Amino acid sequence: MHPTRTQMYIVNGLSHIPLLTFELKMLSTLQPPRSLSHFRRRHTSLKPLSSLSSQPVTHSTLTDQSHSTSQILSTRDSLLSRQITAAELVESFLARLRRTEPQLRSFLHVSDAAVLAQARDLDEKLRRNEEVGPLAGVLVAVKDNICTAEMPSTAGSRVLEGYTPPYDATAVRKIKELGGIVVGKTNMDEFGMGSTTEGSAFQVTANPWDMTRVPGGSSGGSAAAVSARQSMVSLGSDTGGSVRQPASFCGVVGLKPTYGRVSRFGLMAYASSLDVIGCFGTSVADAGILLHAISGHDRLDATSSKREVPDLASLFDSTSSLQSKPLKGLKIGLIRETLDNGVDIGVTSIIRTAALHLEELGCSVTEVSLPSFSLGLPAYYVIASSESSSNLSRYDGLRYGNQVAADELNSQYMDSRAKGFGSEVKRRILTGTYALSAGYYDAYYKRAQQVRTIIRKSFKAALDEHDILISPAAPSAAYKIGEKKNDPLAMYAGDIMTVNVNLAGLPALVLPCGFAEGGSAGLPVGLQMIGAAFDEEKLLRVGKNPPGENDQKIRQSLTCKIHLTSVNRSLPVSDHSVTAFGGIGREEVIR
């Protein structure tokens, strides 16, 4: 559903500010659900995927490739076996980062000296044969809205420029306790409000596959850093697809956990009922191991779940089964509404091809209809904007945020916020304030919450009959920088594939599964897998299985080389290999 354009004017005491809004009137006309039985009747109308036509994936080279391996596990093995020192490993990554960063602009802050000092400390522990953590020597990039002590954390906003938190976010603290090394803070759209990193107050990140295109957002810096091998893994945040869409655009694995699986303590709030911390990796194993490291209940976050965390890391201790049908018996539903009009034909073709490959791996794949799917976009933007208007009220120059000098209090408030926030943040704050105002609360915010309930029940009904659901992660591959900057509604519409998952609080995994037209060697397209609440383990079990080892056709994979030659031919980024359903193949340790 594409939002219609209307104009709304809100008086702020000084001037009338034009504001783009979405289908708020549509929400006010929706009736509360009496029953979901009509959803279930349509839901049971299924169509086998094998009967659907498909087109070949474009711009791909088909080769044989062995199972992709985990950088985390291989790094640990290399360090313990003394094949390489932590200092050598860190220096090689920092050298790559220095070469590529002027063109990519993935990072807002890099702590070279601190990273090298931690690496040398790790080498000393290994020399003394002391026990080290499972993330020892793993270089982790952290999105700039996740608090890190001793490093700036600005959420990509001028209002927090120069701010260094006095504490680490719980997720960051757990990574450090397990031996991980935080290499720096990555670029993002301001406070997570955007899909391209063009909303950052500091810089725009480029896509490593094509320097003229966006990496996605709002976690575009974290995705680009992993894709270009500036870090091994990274943390991002996902409010409406900010991990999954960049993962698709940059050709990496992105994992959004169930709401409550990972503590939000230390994550700067955008929309509190939707925000989660997610993981990027070059393989499903890396994303799963990183998620396991940061999961668990936290007494500092009342919304974190007390459910026991399964041993996700153990899934990757050994190689996958060599059975020709490793996913036999699994029921997968392809969401019909995600392949309708508005989705690029190349993306549709790639997703259908991926579904056929899943069938060849033993799955039963059928189409499933979620009639409420199109309602998610307007409901999401009403809820997210409303919560952001409340959460960001604290940045007034007195309680939080940089202060602008003024002669009286009201002027100080207004000037500090006017100069500290960018246009997109202002737009969403004003929209949310309007939706929560007296006389409009029931028509907009309350109605959006009722739609959210419908979406949750619709997903539950579908997942009661299927193990996982699949869809594209985005309606297109990465688009040009600046292409949608002046058309926010077009940018909002690109979130249609992902926002429903956040509204339902479900986990989702994005894997690179093919290439669409564009760039010098094609542009990555991601397959989104959606699971039941707190069932990340099943998503990882499916995602870690590459095409069957005993069948030549199933073992076909997609490879592509990434180069920065469009900007500077002297700064190549080494080869990236993409394996359908297995993530991106790990490079050998840089020496």
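Quick caveat, the model's predicted, so the values are computed rather than measured.

Student: Which residues make up the nonpolar core, and what values do they have?
Tutor: Phe191, Leu235, Leu358 and Phe459 are the most contacted members of the largest nonpolar core, which totals 132 residues. In this structure, Val243, Ala247, Phe280 and Val510 belong to the second largest nonpolar core, which totals nine residues.

Student: Can you tell me about the packing of helix α11 (residues 376-391) against helix α13 (residues 423-436), naming the residues and giving the values?
Tutor: With their axes 7 Å apart at the nearest point, α11 and α13 run at an angle of 100 degrees to one another. Taken together, α11 and α13 sit at an angle that is classed as roughly perpendicular. For the pair α11 and α13, contact is made by Tyr381, Val382, Ser385, Ser386, Ser388 and Ser389 and by Arg428, Ile429, Thr431, Gly432, Thr433, Ala435 and Leu436, respectively. Per-class residue counts for the contact of α11 with α13 are five nonpolar, seven polar and one charged.

Student: Could you give me a rundown of α11, with the residues and numbers involved?
Tutor: Given a rise of 1.5 Å per residue, 16 residues ought to cover 22 Å, and the 22 Å separating the end C-alpha atoms of α11 matches this to within 8%. The buried count for α11 comes to 15 of 16 residues, which makes it a mostly enclosed element.

Student: Summarise the side chain of Asn502; cite the residues concerned and give the values.
Tutor: Here Asn502 shows up in helix α16 (residues 499-504). For Asn502, a relative accessible area of 2% gives the class buried. Within the structure, the side chain of Asn502 is placed 2.9 Å from the backbone oxygen of Thr239, a separation counted as a polar contact. Beyond its immediate stretch of four places on either side in the chain, Asn502 contacts Asp238, Thr239, Gly240, Gly241, Arg244, Lys256, Leu274 and Arg452.

Student: Go over the packing of α11 against helix α14 (residues 442-465), please, and point to the residues and values.
Tutor: Following both chains from N to C, one finds α11 and α14 inclined at 125 degrees, their axes separated by 9 Å at the closest point. Put simply, α11 runs oblique to α14. Crossing handedness for the pair α11 and α14: left-handed. Every residue of α14 that contacts α11 at Gly376, Ala379, Val382, Ile383, Ser386 and Glu387 is listed here: Tyr444, Tyr445, Ala448, Gln449, Val451, Arg452 and Ile455. For the contact of α11 with α14, the class distribution of residues is eight nonpolar, three polar and two charged.

Student: I'd like a rundown of empty space enclosed by the protein, residues and numbers included.
Tutor: Counted under the stated rule, the structure contains seven cavities of 30 Å³ or more. The wall of the largest cavity is formed by 13 residues, among which Gly194, Ser195, Ser242, Tyr380 and Asp495 lie closest to the centre. Partitioning the lining of the largest cavity into residue classes produces three nonpolar, eight polar and two charged.

Student: Talk me through the environment of Pro507; I want residue IDs and the actual numbers.
Tutor: Its place among the elements puts Pro507 in the loop between α16 and β13 (508-516). Judged by relative accessible area, Pro507 falls into the buried class, the value being 0%. A C-alpha to C-alpha distance of 7.2 Å links Pro507 and Asp535, two positions 28 residues apart in sequence.

Reading guide: rules and limits
- Residues numbered from 1 in each chain as written.
- Predicted model: local features only at pLDDT ≥ 70, side-chain atom pairs only at ≥ 80, totals over all residues.
- Heavy atoms only, no water.
- Core = buried A, V, L, I, M, F, W, Y, C linked by side-chain atoms within 4.5 Å.
- Buried < 20%, exposed > 50% of the residue type's maximum accessible area, 1.4 Å probe, protein only.
- Axes fitted to C-alpha atoms, helices over the stretch in contact; angles between N-to-C directions.
- Helix = DSSP H or I, 4+ residues; strand = E, 2+ residues; numbered from the N terminus.
- Parallel < 35°, antiparallel > 145°, perpendicular 65-115°, else oblique.
- Contact = heavy atoms within 4.5 Å.
- Nonpolar A, V, L, I, M, F, W, Y, C, P; charged D, E, K, R; others polar.
- Expected span 1.5 Å × (residues − 1).
- Polar contact = N/O pair within 3.5 Å; in protein donor to acceptor, adjacent residues only side chain to side chain.
- Left-handed = near helix turned anticlockwise from the far one by under 90°.
- 1 Å grid on protein atoms, 1.4 Å probe; cavity = no way out; pocket = protein on both sides within 12 Å on 5 of 7 lines; lining within 4 Å.
- Points joined across faces, edges and corners; volume = space filled by probe spheres on them.

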